[in-house]
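Descriptive structure summary
For reference, the chains in residue letters:
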Amino acid sequence: MIKLQNITKSYRNGFKRAFVLRRVSLEINEGEFVTIMGPSGAGKSTLLHIMGLLDEPSDGDYLFRGESTASMSNKQRTELHRTQIGFVFQAYHLIDDLTVYENLETPLLYKGLGRSERKSKVAEMLDRFSLVAKQKLFPNQLSGGQQQLVGVARALIIEPRVILADEPTGNLQSQQGEDIMQTLRDLNENDGVTIVQVTHSEKQARYGDRIVRLVDGAVDEDLRLNAETAAA
Ligand code: ADP
Ligand code: ADP
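Notes on the structure in this doc start here. Computed from a prediction, not measured in an experiment: that's the story for all the values here.

Comments concerning the overall build of the protein
Regarding its fold elements, the protein presents 7 helices and 10 strands. At 18 Å, the protein has a C-alpha radius of gyration in line with the 17 Å of a compact globule built from 232 residues. Each of the 232 residues in the protein was classed as buried or not, and the buried ones make up 48%. Within the protein, residue pairs in contact and separated by at least 24 positions form 68% of the contacts whose partners lie at least 6 positions apart. Accessible surface, the protein: about 11,600 Å² in total, of which carbon and sulfur atoms supply 45%.

Set out below in C-alpha coordinates:
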(Lines give C-alpha, C1' and ligand atoms only; values in the text may rest on other atoms or scores of the structure.)
(Ligands and ions follow the chains in the order given, each with its own letter.)
Protein backbone atom coordinates (compact mmCIF):
# COMPACT_ATOMS: atom_id res chain seq x y z
CA MET A 1 0.00 0.00 0.00
CA ILE A 2 2.64 2.44 1.17
CA LYS A 3 6.27 1.89 0.28
CA LEU A 4 8.93 4.41 1.20
CA GLN A 5 12.31 3.83 -0.40
CA ASN A 6 15.28 5.68 1.04
CA ILE A 7 13.26 8.79 1.70
CA THR A 8 15.36 11.79 2.63
CA LYS A 9 14.04 15.24 3.46
CA SER A 10 16.34 18.16 4.02
CA TYR A 11 16.10 21.92 4.21
CA ARG A 12 18.70 24.55 3.49
CA ASN A 13 19.72 26.22 6.70
CA GLY A 14 22.06 29.10 5.87
CA PHE A 15 25.04 27.44 4.22
CA LYS A 16 24.23 24.08 5.72
CA ARG A 17 21.60 21.44 5.07
CA ALA A 18 19.38 20.30 7.89
CA PHE A 19 18.21 16.72 7.54
CA VAL A 20 14.72 15.97 8.79
CA LEU A 21 14.50 12.44 7.37
CA ARG A 22 17.50 10.26 6.55
CA ARG A 23 17.03 7.38 4.14
CA VAL A 24 13.82 6.12 5.65
CA SER A 25 12.59 2.86 4.13
CA LEU A 26 9.28 1.56 5.29
CA GLU A 27 6.61 -0.72 3.88
CA ILE A 28 3.04 -0.66 5.13
CA ASN A 29 0.67 -3.29 3.82
CA GLU A 30 -3.01 -2.85 3.11
CA GLY A 31 -5.02 -3.37 6.29
CA GLU A 32 -2.23 -2.55 8.74
CA PHE A 33 -2.69 -0.14 11.66
CA VAL A 34 0.67 1.48 12.27
CA THR A 35 1.69 3.97 14.95
CA ILE A 36 4.62 6.31 14.48
CA MET A 37 6.24 7.42 17.71
CA GLY A 38 9.40 9.23 18.70
CA PRO A 39 10.67 12.42 20.29
CA SER A 40 9.52 15.85 19.23
CA GLY A 41 11.41 16.98 16.14
CA ALA A 42 12.16 13.40 15.03
CA GLY A 43 10.41 13.95 11.70
CA LYS A 44 7.09 12.19 12.38
CA SER A 45 4.82 14.89 10.92
CA THR A 46 7.08 15.34 7.92
CA LEU A 47 6.95 11.60 7.23
CA LEU A 48 3.16 11.56 7.51
CA HIS A 49 2.85 14.56 5.19
CA ILE A 50 5.00 12.79 2.61
CA MET A 51 2.80 9.68 2.90
CA GLY A 52 -0.24 11.94 2.45
CA LEU A 53 1.23 13.53 -0.68
CA LEU A 54 1.17 16.91 1.05
CA ASP A 55 4.94 17.21 0.99
CA GLU A 56 7.62 15.86 -1.34
CA PRO A 57 10.78 14.04 -0.40
CA SER A 58 14.16 15.59 -1.30
CA ASP A 59 15.41 12.18 -2.33
CA GLY A 60 14.13 8.60 -2.58
CA ASP A 61 10.80 7.39 -3.90
CA TYR A 62 7.38 6.83 -2.46
CA LEU A 63 5.25 4.15 -4.04
CA PHE A 64 1.51 4.33 -3.38
CA ARG A 65 -0.24 1.08 -4.31
CA GLY A 66 2.82 0.12 -6.32
CA GLU A 67 2.96 3.34 -8.29
CA SER A 68 5.89 5.70 -8.06
CA THR A 69 4.64 9.10 -6.91
CA ALA A 70 7.91 10.77 -7.95
CA SER A 71 6.94 10.30 -11.59
CA MET A 72 3.40 11.66 -11.12
CA SER A 73 2.35 15.20 -11.94
CA ASN A 74 1.17 17.50 -9.15
CA LYS A 75 -2.33 17.10 -10.51
CA GLN A 76 -2.16 13.32 -10.24
CA ARG A 77 -0.83 13.53 -6.69
CA THR A 78 -3.57 15.94 -5.66
CA GLU A 79 -6.18 13.65 -7.21
CA LEU A 80 -4.78 10.67 -5.31
CA HIS A 81 -4.77 12.63 -2.06
CA ARG A 82 -8.34 13.77 -2.57
CA THR A 83 -9.83 10.42 -3.53
CA GLN A 84 -7.93 7.83 -1.53
CA ILE A 85 -6.33 9.44 1.52
CA GLY A 86 -8.08 10.76 4.60
CA PHE A 87 -5.71 13.10 6.38
CA VAL A 88 -6.31 14.24 9.96
CA PHE A 89 -4.16 17.31 10.57
CA GLN A 90 -2.57 18.04 13.92
CA ALA A 91 -3.80 21.63 13.83
CA TYR A 92 -7.23 20.71 12.33
CA HIS A 93 -6.67 22.70 9.14
CA LEU A 94 -10.37 23.52 8.80
CA ILE A 95 -11.43 26.23 6.39
CA ASP A 96 -12.23 29.26 8.57
CA ASP A 97 -14.88 30.90 6.42
CA LEU A 98 -16.87 27.72 5.83
CA THR A 99 -19.34 26.26 8.34
CA VAL A 100 -18.90 22.83 9.87
CA TYR A 101 -21.38 21.51 7.31
CA GLU A 102 -19.49 23.09 4.42
CA ASN A 103 -16.13 21.91 5.73
CA LEU A 104 -17.44 18.35 5.67
CA GLU A 105 -18.94 18.78 2.23
CA THR A 106 -15.74 20.14 0.62
CA PRO A 107 -13.89 16.79 0.14
CA LEU A 108 -17.06 15.38 -1.47
CA LEU A 109 -17.22 18.30 -3.91
CA TYR A 110 -13.59 17.60 -4.85
CA LYS A 111 -14.49 13.96 -5.29
CA GLY A 112 -17.29 14.97 -7.64
CA LEU A 113 -20.30 13.59 -5.75
CA GLY A 114 -23.76 14.87 -6.57
CA ARG A 115 -25.85 17.07 -4.31
CA SER A 116 -28.10 14.48 -2.72
CA GLU A 117 -25.26 12.06 -2.05
CA ARG A 118 -23.25 14.86 -0.44
CA LYS A 119 -26.18 15.80 1.72
CA SER A 120 -26.73 12.30 3.05
CA LYS A 121 -23.05 11.63 3.69
CA VAL A 122 -22.59 14.90 5.56
CA ALA A 123 -25.73 14.18 7.62
CA GLU A 124 -24.39 10.74 8.49
CA MET A 125 -21.04 12.15 9.66
CA LEU A 126 -22.67 14.95 11.67
CA ASP A 127 -24.75 12.33 13.41
CA ARG A 128 -21.89 9.90 13.96
CA PHE A 129 -19.69 12.55 15.58
CA SER A 130 -22.50 14.29 17.50
CA LEU A 131 -22.01 17.49 15.52
CA VAL A 132 -25.58 18.01 14.32
CA ALA A 133 -26.13 21.01 16.61
CA LYS A 134 -22.84 22.57 15.44
CA GLN A 135 -23.33 22.25 11.69
CA LYS A 136 -24.03 25.94 11.04
CA LEU A 137 -21.16 27.21 13.19
CA PHE A 138 -17.76 28.28 11.93
CA PRO A 139 -14.55 26.63 13.17
CA ASN A 140 -13.62 29.57 15.45
CA GLN A 141 -16.92 29.12 17.26
CA LEU A 142 -15.93 25.59 18.31
CA SER A 143 -13.64 24.30 21.05
CA GLY A 144 -10.35 22.69 20.03
CA GLY A 145 -11.81 19.24 20.70
CA GLN A 146 -14.85 19.93 18.55
CA GLN A 147 -12.65 21.20 15.72
CA GLN A 148 -10.64 18.01 16.02
CA LEU A 149 -13.82 15.94 15.66
CA VAL A 150 -14.71 17.88 12.51
CA GLY A 151 -11.18 17.23 11.23
CA VAL A 152 -11.58 13.50 11.80
CA ALA A 153 -15.06 13.45 10.23
CA ARG A 154 -13.72 15.33 7.19
CA ALA A 155 -10.98 12.76 6.71
CA LEU A 156 -13.41 9.83 6.95
CA ILE A 157 -16.17 11.24 4.78
CA ILE A 158 -14.57 10.25 1.47
CA GLU A 159 -14.34 6.64 2.72
CA PRO A 160 -10.60 6.59 2.08
CA ARG A 161 -8.56 3.40 1.76
CA VAL A 162 -5.86 5.02 3.90
CA ILE A 163 -6.22 7.24 6.94
CA LEU A 164 -3.21 9.26 8.03
CA ALA A 165 -3.74 10.90 11.41
CA ASP A 166 -1.35 13.32 13.10
CA GLU A 167 -2.13 13.14 16.82
CA PRO A 168 -5.85 12.69 16.16
CA THR A 169 -6.82 12.78 19.82
CA GLY A 170 -4.32 15.38 21.01
CA ASN A 171 -6.96 17.92 21.98
CA LEU A 172 -9.80 15.64 22.99
CA GLN A 173 -10.98 14.70 26.44
CA SER A 174 -10.14 11.11 27.25
CA GLN A 175 -13.60 9.63 26.53
CA GLN A 176 -13.83 11.43 23.19
CA GLY A 177 -10.29 10.33 22.43
CA GLU A 178 -11.12 6.70 23.11
CA ASP A 179 -14.22 6.96 20.92
CA ILE A 180 -12.07 8.23 18.04
CA MET A 181 -9.54 5.45 18.55
CA GLN A 182 -12.33 2.88 18.61
CA THR A 183 -13.75 4.35 15.40
CA LEU A 184 -10.34 3.98 13.72
CA ARG A 185 -9.96 0.45 15.11
CA ASP A 186 -13.39 -0.55 13.72
CA LEU A 187 -12.64 0.90 10.28
CA ASN A 188 -9.40 -1.04 10.29
CA GLU A 189 -10.88 -4.33 11.46
CA ASN A 190 -14.22 -4.29 9.66
CA ASP A 191 -13.40 -2.47 6.45
CA GLY A 192 -9.68 -3.18 6.13
CA VAL A 193 -8.79 0.52 6.01
CA THR A 194 -5.05 1.07 6.37
CA ILE A 195 -4.24 3.44 9.22
CA VAL A 196 -1.08 5.32 10.11
CA GLN A 197 -1.23 7.50 13.19
CA VAL A 198 1.31 9.67 14.98
CA THR A 199 0.98 9.80 18.74
CA HIS A 200 2.97 10.24 21.93
CA SER A 201 0.59 8.00 23.86
CA GLU A 202 1.62 4.39 24.52
CA LYS A 203 -1.98 3.62 25.38
CA GLN A 204 -3.18 4.94 22.05
CA ALA A 205 -0.43 3.01 20.25
CA ARG A 206 -1.91 -0.24 21.54
CA TYR A 207 -4.98 0.23 19.35
CA GLY A 208 -2.69 -0.51 16.43
CA ASP A 209 -0.64 -3.56 15.55
CA ARG A 210 2.77 -2.11 14.82
CA ILE A 211 4.93 0.66 16.25
CA VAL A 212 7.60 2.43 14.20
CA ARG A 213 9.91 4.56 16.31
CA LEU A 214 11.59 7.48 14.62
CA VAL A 215 14.69 9.08 16.16
CA ASP A 216 16.62 11.90 14.47
CA GLY A 217 14.89 11.28 11.17
CA ALA A 218 15.67 7.57 10.98
CA VAL A 219 13.76 4.41 11.87
CA ASP A 220 15.08 3.32 15.24
CA GLU A 221 12.69 0.46 15.91
CA ASP A 222 9.93 -1.37 14.03
CA LEU A 223 7.89 -3.47 16.39
CA ARG A 224 4.94 -5.73 15.73
CA LEU A 225 2.49 -6.01 18.60
CA ASN A 226 0.93 -9.40 19.19
CA ALA A 227 -2.69 -9.98 20.14
CA GLU A 228 -1.83 -10.08 23.84
CA THR A 229 -0.12 -6.71 24.03
CA ALA A 230 -2.58 -5.04 21.67
CA ALA A 231 -5.53 -3.44 23.44
CA ALA A 232 -9.24 -3.36 22.57
P1 ADP B 1 7.89 15.74 14.70
O2 ADP B 1 6.56 15.61 14.06
O3 ADP B 1 8.55 14.43 14.99
O4 ADP B 1 7.89 16.62 15.92
P5 ADP B 1 8.54 17.34 12.38
O6 ADP B 1 8.41 16.46 11.20
O7 ADP B 1 7.42 18.27 12.68
O8 ADP B 1 8.88 16.44 13.65
O9 ADP B 1 9.87 18.23 12.24
C10 ADP B 1 11.14 17.65 12.18
C11 ADP B 1 12.17 18.74 11.99
O12 ADP B 1 12.02 19.32 10.72
C13 ADP B 1 12.08 19.86 13.02
O14 ADP B 1 13.36 20.13 13.48
C15 ADP B 1 11.53 21.00 12.19
O16 ADP B 1 12.01 22.23 12.69
C17 ADP B 1 12.05 20.72 10.81
N18 ADP B 1 11.19 21.28 9.77
C19 ADP B 1 9.93 20.91 9.48
N20 ADP B 1 9.42 21.63 8.47
C21 ADP B 1 10.40 22.50 8.09
C22 ADP B 1 10.50 23.52 7.10
N23 ADP B 1 9.48 23.80 6.28
N24 ADP B 1 11.67 24.19 6.99
C25 ADP B 1 12.70 23.89 7.82
N26 ADP B 1 12.67 22.96 8.78
C27 ADP B 1 11.54 22.27 8.92
P1 ADP C 1 -5.21 23.49 -2.61
O2 ADP C 1 -5.58 24.92 -2.75
O3 ADP C 1 -3.77 23.26 -2.28
O4 ADP C 1 -5.68 22.63 -3.73
P5 ADP C 1 -7.39 22.40 -1.17
O6 ADP C 1 -8.37 23.50 -1.33
O7 ADP C 1 -7.47 21.19 -2.02
O8 ADP C 1 -5.93 23.01 -1.29
O9 ADP C 1 -7.42 21.90 0.32
C10 ADP C 1 -7.11 22.76 1.38
C11 ADP C 1 -6.44 21.91 2.42
O12 ADP C 1 -7.30 20.86 2.84
C13 ADP C 1 -5.19 21.26 1.87
O14 ADP C 1 -4.15 21.27 2.82
C15 ADP C 1 -5.62 19.87 1.58
O16 ADP C 1 -4.55 18.98 1.71
C17 ADP C 1 -6.67 19.62 2.64
N18 ADP C 1 -7.62 18.63 2.17
C19 ADP C 1 -8.23 18.58 0.99
N20 ADP C 1 -9.01 17.52 0.90
C21 ADP C 1 -8.89 16.85 2.05
C22 ADP C 1 -9.43 15.63 2.60
N23 ADP C 1 -10.26 14.88 1.93
N24 ADP C 1 -9.11 15.28 3.83
C25 ADP C 1 -8.27 16.02 4.53
N26 ADP C 1 -7.71 17.15 4.08
C27 ADP C 1 -8.00 17.56 2.86
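Points about the site of ligand 2
Around ligand 2, a shell composed of Leu 54, His 81, Arg 82, Phe 87, Phe 89, His 93, Pro 107, Tyr 110 and Arg 154 is seen. At 3.2 Å from an oxygen atom of ligand 2 is found a side-chain nitrogen or oxygen belonging to His 81. The side chain of Arg 82 places a nitrogen or oxygen atom 2.8 Å from an oxygen atom of ligand 2. If you map ligand 2 onto the pockets, it falls in the largest pocket. Elements with a contribution of two residues or more to the shell around ligand 2: helix H2 (74–84) and helix H3 (100–111).

What about the environment of Ser 73?
Along the chain, the position of Ser 73 falls in the loop between strand S5 (67–68) and H2. Taking the relative accessible area as the measure of exposure, Ser 73 reaches 34% and is therefore partly exposed. Spatially, the C-alpha atoms of Ser 73 and Tyr 207 are 35 Å apart, while their sequence positions differ by 134 residues.

Quick word on the nonpolar core
Formed by 32 residues in total, the largest nonpolar core has its most connected members in Leu 104 and Phe 129. Among the secondary structure elements, those contributing two or more residues to this core are H3, helix H4 (115–128), helix H5 (144–156), strand S7 (162–166) and helix H6 (174–191). Among the elements that make up this core, the one with the highest residue count is H5 (6 residues). Among all residues touching Phe 129, those that are not within four sequence positions of it are Leu 149, Val 152, Ala 153, Leu 156, Ile 180 and Thr 183.

Some details on the packing of H3 against H4
For the pair H3 and H4, the least separation of the axes is 10 Å and the interaxial angle reads 130 degrees. By the angle between their axes, H3 is oblique relative to H4. Relative to H4, H3 is oriented so that their crossing is right-handed. Where H3 approaches H4, its residues Val 100, Tyr 101, Leu 104, Glu 105, Leu 108 and Leu 109 are matched on the opposing element by Arg 118, Lys 119, Lys 121, Val 122, Met 125 and Leu 126. Residue composition of the contact of H3 with H4, by class: 8 nonpolar, no polar and 4 charged.

Basis of the calculations
- Residues numbered from 1 in each chain as written.
- Chains lettered and ligands numbered in written order.
- Predicted model: local features only at pLDDT ≥ 70, side-chain atom pairs only at ≥ 80, totals over all residues.
- Heavy atoms only, no water.
- Helix = DSSP H or I, 4+ residues; strand = E, 2+ residues; numbered from the N terminus.
- Rg over C-alpha atoms; globule rule 2.2 N^0.38 Å.
- Buried < 20%, exposed > 50% of the residue type's maximum accessible area, 1.4 Å probe, protein only.
- Contact = heavy atoms within 4.5 Å.
- Areas by Shrake-Rupley, 256 points an atom, 1.4 Å probe, with all protein chains shown as cover.
- Near = heavy atom within 4 Å.
- Polar contact = N/O pair within 3.5 Å; in protein donor to acceptor, adjacent residues only side chain to side chain.
- 1 Å grid on protein atoms, 1.4 Å probe; cavity = no way out; pocket = protein on both sides within 12 Å on 5 of 7 lines; lining within 4 Å.
- Sits in = over half its atoms within 2 Å of the grid points.
- Core = buried A, V, L, I, M, F, W, Y, C linked by side-chain atoms within 4.5 Å.
- Axes fitted to C-alpha atoms, helices over the stretch in contact; angles between N-to-C directions.
- Parallel < 35°, antiparallel > 145°, perpendicular 65-115°, else oblique.
- Left-handed = near helix turned anticlockwise from the far one by under 90°.
- Nonpolar A, V, L, I, M, F, W, Y, C, P; charged D, E, K, R; others polar.

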